[in-house]
Amino acid sequence: MTQYDIDVLTPERVDWIDREFAAGFYAKRAGYFSACLAAQLRGELVLLLARDDEALLGYLKVVWEPDYPPFRAQGIPEVQDLNVVTSARRRGVASRLMDRAEHLIATRNPVAGIGVGLHPGYGAAQRMYVLRGYVPDALPITYHDEPVTEYQAVILDDDLVLHLTKQLR
Ligand SMILES: CC(C)(COP(=O)(O)OP(=O)(O)OC[C@H]1O[C@@H](n2cnc3c(N)ncnc32)[C@H](O)[C@@H]1OP(=O)(O)O)[C@@H](O)C(=O)NCCC(=O)NCCS
């Protein structure tokens, strides 16, 4: 599976990615990918997808002005929502998507940002980001986008997030 394409989302592929992602991993909320396309058309993000002919392998978004205040304040674009379908994992798909995302980000900013969950389900992503050179931003982890303070009790779910950055150039 070394030969596959990385494309930017187009209107023709919205229903396709919706179906393929639901079949390969889990169903996103209705309208998720059409909302991504609309945001892309407004210039807010770029959704990159990896596909082997008509089979979706994975995707991510590059968000130019992310909600995380420290990234937004420093003009650091953020890679969000990286997902590889279960059957295509551990074959370098995420790495290729990240290569493309970082290349794209480097055209606008020397630093890329990413947020990774602390939930055990994100262990593979945590490891991959560190191996790619992402380091913690030295700011408090966030829960539901709010900084977590010492001794604060939080639930270990998808919303407990550590942010990392990588110097691209
Ligand atoms: C994390 C994820 C995107 C990785 O996708 P992938 O295409 O399998 O990743 P790659 O094949 O490019 O792997 C790159 C490196 O990451 C690390 N890695 C990937 N999966 C791993 C795993 N299950 N366990 C340990 N390390 C792993 C390895 O170092 C790997 O390099 P190697 O295979 O040469 O050892 C995928 O597992 C996924 O979609 N997970 C669920 C969603 C998620 O966590 N998204 C990230 C949100 S922040």
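Preceding this paragraph is the structure being described.
Residues numbered from 1 in each chain as written. Predicted model: local features only at pLDDT ≥ 70, side-chain atom pairs only at ≥ 80, totals over all residues. Heavy atoms only, no water.

## Section: the environment of Leu160
Thought 1: With respect to the helices and strands, Leu160 occurs in strand S9 (residues 160-167).
Thought 2: Considered as a pair, Leu160 and Val93 are 67 residues apart in the sequence and their alpha carbons are 25 Å apart.
Thought 3: Ignoring any residue separated from it by four or fewer positions in sequence, one finds Leu160 in contact with Val116, Gly117, Leu118, Ile141, Thr142, Tyr143, Val148, Val154 and Ile155. (Helix = DSSP H or I, 4+ residues; strand = E, 2+ residues; numbered from the N terminus. Contact = heavy atoms within 4.5 Å.)

## A short note on the pairing of strand S4 (residues 78-84)
Thought 1: Along S4, five of the seven residues are buried, which leaves the element largely enclosed by surrounding structure.
Thought 2: With five bridges joining them, strand S3 (residues 55-63) and S4 adopt antiparallel strand pairing. Within the sheet, the bridge partner assigned to Val62 lies in S4 and is Val79.
Thought 3: Bridge analysis of S4 against strand S5 (residues 111-117) gives two bridges, and the strand direction is parallel. Residue pairing for S5: Val79 is matched across the bridge by Ile114.
Thought 4: Regarding topology, helix H4 (residues 93-106) serves as the crossover connection from S4 to the parallel S5, and that connection is right-handed. (Buried < 20%, exposed > 50% of the residue type's maximum accessible area, 1.4 Å probe, protein only. Pairing = 2+ DSSP bridges. Right-handed = clockwise from strand over helix to strand, strands pointing away.)

## Here we look at the nonpolar core
Thought 1: Counting 44 residues, the largest nonpolar core has Ile17, Leu47, Leu60, Met98 and Tyr129 as its most contacted members.
Thought 2: For this core, the secondary-structure elements that each account for two or more residues are helix H1 (14-24), helix H2 (32-41), strand S2 (45-52), S3, S4, H4, S5 and helix H5 (123-131).
Thought 3: Ignoring sequence-local partners within four residues, the contact set of Leu47 consists of Asp7, Val8, Leu9, Ile17, Phe33, Cys36, Gln40, Tyr59, Leu60 and Lys61. (Core = buried A, V, L, I, M, F, W, Y, C linked by side-chain atoms within 4.5 Å.)

## A short note on the environment of Leu139
Thought 1: Mapped onto the elements, Leu139 comes out in the loop between strand S6 (135-136) and strand S7 (142-143).
Thought 2: In this structure, the C-alpha to C-alpha distance between Leu139 and Leu82, residues 57 residues apart in sequence, is 22 Å.
Thought 3: Sequence-distant contacts of Leu139, defined by excluding residues within four places in its chain, comprise Tyr68 and Pro70.

## Some details on the site of the ligand
Thought 1: Surveying the vicinity of the ligand reveals 18 residues, the closest of which are Leu82, Val84, Arg90, Gly92 and Ser95.
Thought 2: Here Leu82 contributes a backbone N or O atom positioned 2.8 Å from a nitrogen atom of the ligand.
Thought 3: A distance of 3.4 Å separates an oxygen atom of the ligand from a polar atom in the side chain of Arg89.
Thought 4: Looking at the shell around the ligand, the elements with two or more residues in it are S4, H4 and H5. (Near = heavy atom within 4 Å. Polar contact = N/O pair within 3.5 Å; in protein donor to acceptor, adjacent residues only side chain to side chain.)

## Quick word on H5
Thought 1: Residues of H5 that are buried: Ala125, Met128 and Tyr129. One side of H5 holds all its buried residues, which, seen down the axis, span an arc of 95°. Every exposed residue of H5 that faces more than 90 degrees away from the buried side is listed here: Arg127, Val130 and Leu131.
Thought 2: Here the buried face of H5 lies against S4, H4, S5 and S9. (Arc of directions from axis to C-beta.)

## Here's the deal with H1
Thought 1: Of all the positions in H1, only Val14, Trp16, Ile17 and Phe21 are classed as buried. The arc that holds every buried residue of H1, seen down its axis, measures 155°, which confines them to one face. What points out from H1, more than 90 degrees from its buried face, is the exposed set Asp15, Arg19 and Ala23.
Thought 2: Packing partners of the buried residues in H1 comprise H2, S2, S3 and S4.

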